[in-house]
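# Summary of the model geometry
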Amino acid sequence: MSRAIALIDGNSFYCSCERVFDPKLAGVPVIVLSNNDGCAVARTAEAKALGIRMGEPWFKIRDLCRREGVRAFSSNYTLYGDMSARANAIYRDFSPAVEIYSIDESFLDLSDVREDRRAELARDLRATVRAWTGIPTCVGIGPTKTLAKLANHIAKTIPDLAGVCDLTDEDERAAWLCRIHVGEVWGIGRASLAKLEAMGVDSVADLRDLDPRPVRKAMTVVGERIIHELRGLACLPLELMPAQRKGCAVTRSFANRVTDRETLEQAVAAHATRLGEKLRRGGLGTTHVTVFYHTSTHDQGSPMRSVSTTVTLPEATSDTLALISAARAGVARTWRDPGDRPWRYSKAGIVTTDLMTLEESPRPLFGRLDRERSGPLMAAMDECNARFGRGSVVPARAGLEAKRAWATKFGMRSPRYTTQVSELPTARAAP
């Protein structure tokens, strides 16, 4: 049987998760906002019809939303992540090989399914996901990842296809490629699109028929790979195991401007705490952390300042206490007395690169960290947070979540229905 890759994704995924737990949102325009309720990052079809664009700032569309009855929600990443995990559990019942591409997209290997059964299986998959999770999806099928992505785009935009498009048949594929603009191809950004248009490329079929050599010269090997993928030659394998992280970052914009050192140190300590959780989850460690914080260009009339410094650790570690000490040392090294005109810092973060597994990391002769003490302590803290919710146990320097005045705003966040018992929906008998 021929190779077949399916791409399934949730339609307006964040908004769909909100609708699952609030049936009154059906048919109502819904948007989800970014951190600190900054801008629209997800929109239903009804919201798009009102002219709300992706990334549009909330303060610009607030009045429109109130006038048109648009329901706006703060990001609820805990809910969205859990719903994504539930959907992927279903995908694994339909395919032995699943690559989680993003929170709302996954690639499935359907090569073992008969050609005449793939579309039927895709429809069954969509129906199962909708019945078990409430999330509407679309499925695109093709012999390569790029064609599966393109098929998914077609399935979304052509209502007559009922959410499923199969491009594994060569004749069917050729009929579609000449009708789709080249800008819809996965991996073609603005810069690449401009170069292709200069070559006279308009449709996907035009790109497919180009000589790969000049495309490689103009768009590097990525452009050449896209052409081969559009011709049905697979260049991108399924990545069933996530690659080891090379770096990690925890950055947040402040809900309120920070002007004092104590609050800034608490913020970077909280970021270091989250960084330690991420590293331990992957069994990784780092030998240095880069601490940065800066003001905002939107604060006109206020003094501007942006600083960054790297603090080196004696050995690779994921110990939260060691990371907090390094982060605070970075603040101490770069802090300046503001004087009469204080700097109003808008964002801070911690970044690491060149991560390594702790088992393979070298240990110094002198200045070693106490891994024998650190390991059990961090494991106990992680277990408490997993059982009772993130932030249940944190180092005192990171502050309690409920009392962090600088913390990211989620003023319109819905309950975390699937992970917090205290936020479960309550059913009441009709009067």
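Above this text sits the structure in question.
Along each chain, the written sequence defines residue order, and numbers are assigned to residues from 1. Owing to the predicted nature of the model, reporting of local features is limited to residues with pLDDT of at least 70; listing and counting of side-chain atom pairs is limited to 80 or more, with chain, interface and lining totals taken over all residues. To get the side-chain values, all heavy atoms of the structure are used, and hydrogens and water are removed first.

Moving on to helix α10 (residues 212-230). Counted at 1.5 Å a residue, the expected span for α10 with its 19 residues is 27 Å, but the 11 Å between its end C-alpha atoms falls short. A residue's bend is simply the angle between two axes: one fitted to the seven residues ending at it, one to the seven starting at it. Numbering of helices and strands starts at the N terminus; helices are DSSP runs of H or I of at least 4 residues and strands are runs of E of at least 2. In the structure, α10 departs most strongly from a straight axis at Met219, where the bend amounts to approximately 140°. For α10, the set of buried residues is Pro212, Val215, Met219, Gly223, Glu224, Ile226, Ile227, Glu229 and Leu230. Should any heavy atoms of two residues lie within 4.5 Å, those residues are counted as being in contact. Buried-residue contacts for α10 involve α6 (145-157), α7 (170-177), α8 (190-198) and α9 (204-208). Looking one or two places after α10, you find Gly232, whose phi comes out positive at around 90°. By this rule the span expected of a helix is its residue count minus one, scaled by 1.5 Å. When a residue's accessible area, from a 1.4 Å probe over protein chains only, is under 20% of the maximum for its type it is buried; when over 50% it is exposed; and in between it is partly exposed.

Now for the side chain of Glu423. Along the polypeptide, Glu423 turns up in the segment after α13 (371-388). Given the relative accessible area of 19%, Glu423 is considered buried. Only 2.5 Å separates the side chain of Glu423 from the backbone nitrogen of Arg416, close enough to count as a polar contact. Ignoring any residue separated from it by four or fewer positions in sequence, one finds Glu423 in contact with Arg413, Pro415, Arg416 and Tyr417. We define a polar contact as two N or O atoms separated by no more than 3.5 Å, with the added condition that, inside protein, one atom must be a possible hydrogen donor and the other a possible acceptor, whereas residues neighbouring each other in sequence contribute only through side-chain atom pairs.

Once that is clear, we can look at helix α3 (residues 58-68). Three- or four-residue spacings in an α-helix give side chains the same orientation, since the helix completes a turn every 3.6 residues. Residues Trp58, Ile61, Leu64 and Cys65 constitute the buried set of α3. What you see down the axis of α3 is that its buried residues fit within an arc of 125°, all on one side. Within α3, the exposed residues directed more than 90 degrees away from the buried face are Phe59, Asp63, Arg66 and Arg67. In this structure, the buried side of α3 is in contact with β2 (30-33) and β4 (71-74). At the C-terminal side of α3, Gly69 shows a positive phi close to 75°. It is the directions from the helix axis to the C-beta atoms whose arc is reported.

We now examine the pairing of strand β1 (residues 5-10). Burial runs high along β1: six of the six residues are buried. Burial along β1 is two-sided: the face carrying Ile5, Leu7 and Asp9 and the face carrying Ala6, Ile8 and Gly10 are both buried. Inspection of the sheet shows β1 paired to strand β7 (residues 137-142) by six bridges, in the antiparallel sense. Bridge pairing links Ile5 to Gly142 in β7. At least two DSSP bridges between two strands are needed for those strands to be called paired. Where β1 lies against strand β6 (residues 105-109), five bridges are found, and the strand directions are antiparallel. Looking at β6, one finds that Asp9 is bridged to Glu105.

Looking now at the side chain of Ser111. Its place among the elements puts Ser111 in the loop between β6 and α5 (118-133). Using a relative accessible area of 15% as the deciding quantity, one classes Ser111 as buried. Among the polar contacts listed, one links the side chain of Ser111 to the side chain of Asp109, at a separation of 2.7 Å.

Glancing now at the packing of aromatic side chains. Pairing of aromatic rings covers Phe, Tyr and Trp, the last counted by its six-membered ring, and requires centre-to-centre distances within 6.5 Å; plane angles under 30 degrees mean stacked, over 60 mean edge-to-face, and any other angle means tilted. Under the definition given, this model contains eleven aromatic pairs. Taking 4.3 Å as the distance between ring centres and 15° as the angle between the ring planes, the aromatic pair formed by Tyr14 and Tyr80 counts as stacked. Of the two residues, Tyr14 sits in helix α1 (residues 13-20) while Tyr80 sits in helix α4 (residues 77-94), which places them 66 residues apart along the sequence. Accessibility classification places Tyr14 together with Tyr80 in one group, the buried group.

What follows covers the pattern of salt bridges. Salt bridge, as applied in this entry: a Lys or Arg side-chain nitrogen positioned within 4 Å of an Asp or Glu carboxyl oxygen. One pass over the structure, following the stated rule, counts 18 salt bridges. Measuring nitrogen to oxygen at the nearest pair gives 3.1 Å for the salt bridge that ties Glu46 to Arg19. Of this pair, Glu46 sits in helix α2 (residues 45-49) while Arg19 is found in helix α1, placing the two residues 27 residues apart along the sequence. Residue class for Glu46 comes out partly exposed when judged on its relative accessible area of 28%. Residue Arg19 is classed as partly exposed on the basis of its relative accessible area, which comes to 24%. Between Arg257 and Asp299 there is a salt bridge; the shortest N-O distance is 2.7 Å. With a gap of 42 residues between them, Arg257 in strand β9 (residues 247-258) and Asp299 in the loop between β10 (284-295) and β11 (306-317) connect regions that are remote in the sequence. Judged by its relative accessible area of 30%, Arg257 is partly exposed.

Turning our eyes to something else, we now look at empty space enclosed by the protein. Only protein atoms enter the 1 Å grid used here. Points where a 1.4 Å probe fits but cannot escape make up a cavity, open sets with protein on both sides within 12 Å along at least five of seven lines make up a pocket, and a residue lines them when an atom lies within 4 Å of a point. Grid points are joined across faces, edges and corners, and a volume is the space filled by probe spheres set on the points. Tallied over the full model, the rule gives one cavity of 30 Å³ or more. Considering only enclosed or pocket space, the largest cavity measures out at about 60 Å³ in volume. Around the largest cavity, the lining comprises 15 residues; the ones closest to its centre are Phe13, Ala87, Tyr91, Ile103 and Asp104. Of all the secondary structure elements, the ones that give two or more residues to the lining of the largest cavity are β1, α4 and β6. Counting residues per element, the lining of the largest cavity draws most heavily on α4, which supplies four residues. When residues are sorted by character, Ala, Val, Leu, Ile, Met, Phe, Trp, Tyr, Cys and Pro go into the nonpolar class, Asp, Glu, Lys and Arg into the charged class, and all the rest, Gly among them, into the polar class. Looking at the lining of the largest cavity residue by residue, the class counts come to six nonpolar, six polar and three charged.

Tracing the chain through its elements places Ser34 in the loop between β2 and β3 (40-43). Given the relative accessible area of 15%, Ser34 is considered buried. When neighbours within four sequence positions are excluded, Ser34 is seen to be in contact with Cys39, Val41, Ser75 and Tyr77.

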